[in-house]
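Tertiary structure, described
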Amino acid sequence: MRIVLLGAPGAGKGTQAKKLIEKYGIPQISTGDILRKAVADGTPLGKEAKSYMDKGELVPDSVVIGLVKERLSQDDCKKGFILDGFPRNTSQAETLDQVLAEMNMPLQLALSVDVDFDILMKRLTGRRTCKQCNQMYNIYFSPPKKEGVCDKCGGELYQRDDDKEETIKKRLEVYEAQTAPLIDYYEKKGILRRVNGEGDIEEIFANICKIIDELK
Ligand code: AP5
Ligand code: MG
Ligand code: ZN
């Protein structure tokens, strides 16, 4: 299955992608995770990306598209992939279509995870992420068993630099202006499906699996 996950910051793309990896055995390609790793490693790419990410703006297309192309060419993507956080604007979506056409592996599903804007702020300010395995928690909705420690691997939990109220506001604006139009883009291509992203994580996951299994 070749899937794009769409949804606002905090919609639960990463949370659901992690569960999809386990169930379907296909990799998650999260441009946000790739960029945060480059920032943490202090690479030239990370240094360039950080200034945009801290402001809640998009990193330039040329940078992000290169990263995704490279990742898609790896062997494990032959059995499918879950793109999370990419594409983020029409130009990225068009380039992705071209790249995948050349590789003979067109997208099969664009899944929009829909969450009301009022809920997103609380989800993002409460988010904590594992330094080691990237598992997400939420101090309000789904706290770890032991404060500050990952249930899965014992790693240390941290708060993302861009999960500050001011930066979140900017990210939500950027989403509305640049990314939300992709819902229309994929609707026109006939591969859009929508899922309600509010409520129990397991229930949302079950609904997503139903959509995927119907397409298989
Ligand atoms: P990115 O990392 O992609 O961030 P984002 O799109 O803002 O999305 P998030 O990761 O914040 O949200 P999510 O939907 O994954 O939610 P999660 O599952 O964690 O991008 C960050 C930055 O990198 C961008 O601003 C940009 O600068 C740059 N970038 C990345 N990709 C780019 C691209 N293609 N082009 C240009 N620049 C790019 O869940 C959120 C919280 O809610 C968690 O705490 C979770 O536990 C909780 N939660 C999840 N589901 C539920 C539920 N059902 N009920 C209650 N709580 C829940
Ligand atoms: Mg994410
Ligand atoms: Zn962990």
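This report concerns the structure included in the present document. Just so we're clear, the structure is a prediction, and the values are computed from it rather than from any experiment.

1. Observations concerning the pairing of strand β3 (residues 81-84)
Along β3, one buried face is formed by Phe81 and Leu83 and the opposite face, lined by Ile82 and Asp84, is buried too. Strand direction decides the pairing type here: strand β1 (residues 2-6) and β3, joined by four bridges, are parallel. Residue Arg2 lies in a different strand from β3, and its bridge partner there is Phe81. Note that strand β2 (residues 28-30) and β3 share three bridges and pair parallel. Bridged to Gln28 within β3 is Ile82.

2. A word on a nonpolar patch on the surface
A contiguous nonpolar patch, built from Ile139, Tyr140 and Phe141 and spanning about 310 Å² of accessible area, is present on the exposed surface. Note on placement: Phe141 falls in the loop between β6 (136-138) and β7 (157-158). Under the relative-accessibility criterion, Phe141 is labelled partly exposed at 48%.

3. Focus on the site of ligand 1
Inspection of the region around ligand 1 gives 36 residues, with Thr15, Glu57, Arg127, Tyr137 and Arg171 positioned closest. In the environment of ligand 1, an oxygen atom lies 2.8 Å from a nitrogen or oxygen atom belonging to the side chain of Arg88. Contacts to ligand 1 include Gly199, whose backbone N or O atom sits 2.8 Å from a nitrogen atom. For ligand 1, the accessible surface in isolation is 1100 Å², of which the surrounding protein chains cover 96%. A per-element tally of the shell around ligand 1 places helix α2 (residues 31-41) first, with four residues. Of the residues that constitute the shell around ligand 1, the class distribution is 15 nonpolar, twelve polar and nine charged.

4. Points about the side chain of Gln135
Within the secondary structure layout, Gln135 lies in the loop between β5 (127-130) and β6. Taking the relative accessible area as the measure of exposure, Gln135 reaches 14% and is therefore buried. A distance of 3.0 Å separates a polar atom in the side chain of Gln135 from a polar atom in the side chain of Lys152. When near neighbours in sequence (up to four residues on either side) are disregarded, Gln135 contacts Lys18, Arg128, Thr129, Cys130, Cys150 and Lys152.

5. Some remarks on the packing of α2 against helix α3 (residues 44-55)
For the pair α2 and α3, the least separation of the axes is 8 Å and the interaxial angle reads 115 degrees. Relative to α3, α2 is oriented so that their crossing is left-handed. Of the residues in α3, those touching α2 at Gly32, Leu35, Arg36, Ala38 and Val39 are Leu45, Gly46, Ala49, Lys50 and Met53. Of the residues that constitute the contact of α2 with α3, the class distribution is six nonpolar, two polar and two charged.

About the cut-offs
Residues numbered from 1 in each chain as written. Chains lettered and ligands numbered in written order. Predicted model: local features only at pLDDT ≥ 70, side-chain atom pairs only at ≥ 80, totals over all residues. Heavy atoms only, no water. Buried < 20%, exposed > 50% of the residue type's maximum accessible area, 1.4 Å probe, protein only. Helix = DSSP H or I, 4+ residues; strand = E, 2+ residues; numbered from the N terminus. Pairing = 2+ DSSP bridges. Patch = residues over 30% accessible without salt bridge, like charges linked within 9 Å, V, L, I, M, F, W, Y side chains within 5 Å. Areas by Shrake-Rupley, 256 points an atom, 1.4 Å probe, with all protein chains shown as cover. Salt bridge = Lys/Arg side-chain N within 4 Å of Asp/Glu carboxyl O. Near = heavy atom within 4 Å. Polar contact = N/O pair within 3.5 Å; in protein donor to acceptor, adjacent residues only side chain to side chain. Nonpolar A, V, L, I, M, F, W, Y, C, P; charged D, E, K, R; others polar. Contact = heavy atoms within 4.5 Å. Axes fitted to C-alpha atoms, helices over the stretch in contact; angles between N-to-C directions. Left-handed = near helix turned anticlockwise from the far one by under 90°.

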